[in-house]
Each structure stands twice: as C-alpha cells, then as structure tokens.
Amino acid sequence: VSTQSTGSLPLMSIPVVSARDVSPEQFREQFIENNTPVVLQDATCHWPATTKWNFEFFSQDLGGQPCDVFLESRHRNGEKWHTTFGEYIQAFERLKLEAAEGVREGIVPYCRAWYFQEDHPELLDDFDAAYFEDGFKRFKDKRLRPPFTWIFVGPAGARTPLHCDVWYTDAWLSQIAGRKRFRLWHPDCLPHLQQGDLFVDLFKPNLEQFPTCAAQPCVEHVLEPGEIIFLPSKWAHDVESLDDTISVTSNFLPKCNVSTVSAQYKPWVGKQLQMIERMGMLKKLKEAKLAAQKEKS
C-alpha cells in the first residue's frame, strides 16, 4: 500500500490502539489528521448498547419496527424486502441456507444502514462518539446535520460491497455483536477499483472492466465486539459478516477534511435552508388562515 502523506512506512496492517493509552486529542493527531485507518479498543465499555443491543432486543423490543433489507449486493440501491426486525431476524437461518444453495446469486439479505433517529431517537443515548469530533454538529438546527448515523443488522455472510463513504467523509463503525472482516484499499488504488460512480465488486470481480483490480494491495482486520474501526476519507473498503452481527456507524466531518467534503456539503445545506424557509412560509400561511377563520367565527 502506498506510503502515507506523512512519510511513514507503507501501512501493511491496521494498527490497534487502546483508549486507555490514547486520548481523543492524541487519536485525532495520530490517525484522523494523518488519514490513517486504525482500530480503537476499550472505548465502548461504558456504552449501554454493548449489553442492551442484542438480537433479542431487536427481535422483541424493536420487533415491530419496519426495516428495509437489501436483497442485492449493490451498496445503496437495488431490490429491497420491506419487513420488520422481528420477521427479519426470525428468518436468519433460512436466509443463510438459501444463500448457500445459490438463491439470489448467493447474496445474504442485509439490513444495511437503518436510519433510526426518526423512529427511535432514544437509541442515541446508548453510545457516544467521544473520539470523533464532528463538524456537522456545529449547527444547532438538526435539519442542517446530514443523516449519517446508522445501525446495521444482518446474518453471517451478509456483505457490504466495495465503496468509499458518502461525500468522501470519514467514518467510524463500532461492532456490538458478532465479527466483521474489513478490507481497506489506500486512496492511490482508486483508479484501479472505480470507474465514475461504479466500484468493482471484489467478491465477484469483472476483470474485463477492472483488469488491474486484483493487483491492488489491501489491509485487513476482523473487527471484534467492543472494537471501533476508523475509516478515513477516500479509503475504499468492503465488509463481510463472519457471524450474525449488529453494528453502529457514523460518518463525520473532522476539520482536516472540510475542504474535501464541502464541495457536496454546501449545496446540501443550501437545499436544506430552502426547505426550512418554505416550511416556515407554509406555517405562517396556515397560522394566518386559522386566525382569519377565528375572526369570522
């Protein structure tokens, strides 16, 4: 893998550090500002999610919660199964068996990226992001913060195909239950892995379209429960669940990445401000109409 911009030796494996040994400030300086992936241990011990978020919780306490399950390997698009967590988790063994028999081309259906804040904002209290200062949160109005925090739930064998994170943001992912294998490719590899918005599927690569993809070196880590992986901007990655898994992830904006992200973030904020203005105008019109009706009565 190419040498980091800091002049360090090529990254041959993902470093693992403990929150007992590195402060958030040191973590930012050593890894976030150097755009270097790392696994952080011992930072989730106090999270309620580590004991509360299990498959019983999702299948019973949240069993009636609607969720979208991806039936194809494409990262954000493709056919989905609109179901509930209770029904989905109950089907895990059947879905794994079907995949092993070649149903859906061997794809294990995956609940990728459940945006839970609208239906269950209380789950935000079950974890924190103390090591990942987020510039998106500088706006007090939450409508100006991108909806970039999600929960992933899925059976063993579920995969997230190769991609870079939205807007080339940085991201962190914490493993709550089960294990996931992460493979990461340095930004210098992107010309060999990506054509426009299309990434090669390295689980089933099209070598005619991406003839040099197999020669690109990657770094790999099996993420265990209680670990957090930091995924820097422009590091392409794919993920495979080795067990039935539950994870929480968030894309965030450190100061060092503002120039990269702002090209897409600023237009998004502009659209949000227009929407907020229109909603304000509609509210005033509605209030004026109600006031006029009261005067007539």
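This is a predicted model, so every value here is computed, not measured. (Residues numbered from 1 in each chain as written. Predicted model: local features only at pLDDT ≥ 70, side-chain atom pairs only at ≥ 80, totals over all residues. Heavy atoms only, no water.)

1. Concerning the environment of L71
Inference 1: Locating L71 in the fold gives a position in the loop between β3 (66-70) and β4 (80-84).
Inference 2: Note on L71: relative accessible area 16%, which makes it buried.
Inference 3: Taking C-alpha positions, L71 is 15 Å from E101, a pair spaced 30 residues apart along the chain.
Inference 4: Those residues in contact with L71 that lie beyond four places of it in its chain are E79, K80, W81, R104, I107 and P109. (Helix = DSSP H or I, 4+ residues; strand = E, 2+ residues; numbered from the N terminus. Buried < 20%, exposed > 50% of the residue type's maximum accessible area, 1.4 Å probe, protein only. Contact = heavy atoms within 4.5 Å.)

2. A short note on the confidence of the model for the protein chain
Inference 1: Of all residues in the protein chain, 95% attain a pLDDT of 70 or more, and the chain-wide mean is 93.
Inference 2: In this model residues 1-9 is a low-confidence stretch, pLDDT under 50, and it forms 19 contacts with partners more than four residues away in sequence or in other chains. (pLDDT = per-residue confidence, 0-100.)

3. Quick notes on the sheet that holds strand β8 (residues 170-177)
Inference 1: Spatially, the seven strands line up as an open sheet ordered β1-β2-β13-β8-β15-β6-β5, and their pairing is mixed. With partners counted over all chains shown, the strands left at the sheet margins are β1 (16-18) and β5 (111-114), one partner each. Adjacent strand axes in the sheet meet at a mean angle of 25° when their direction is disregarded.
Inference 2: Here three bridges tie strand β2 (residues 38-41) to strand β13 (residues 228-231), and the two strands are oriented antiparallel to one another. Bridge assignment links V39 to a residue of β13, and that residue is I229. (Pairing = 2+ DSSP bridges. Axes fitted to C-alpha atoms, helices over the stretch in contact; angles between N-to-C directions.)

4. A word on the sheet that holds strand β14 (residues 236-241)
Inference 1: Here we have four strands laid out as an open sheet, ordered β7-β14-β9-β12, and antiparallel in their pairing. Bordering the open sheet on either side are β7 (159-163) and β12 (219-223), each of which pairs with just one other strand. Between one strand axis and the next, the sheet turns by 15° as a mean value, whatever way the strands run.
Inference 2: With five bridges joining them, strand β9 (residues 180-185) and β12 adopt antiparallel strand pairing.

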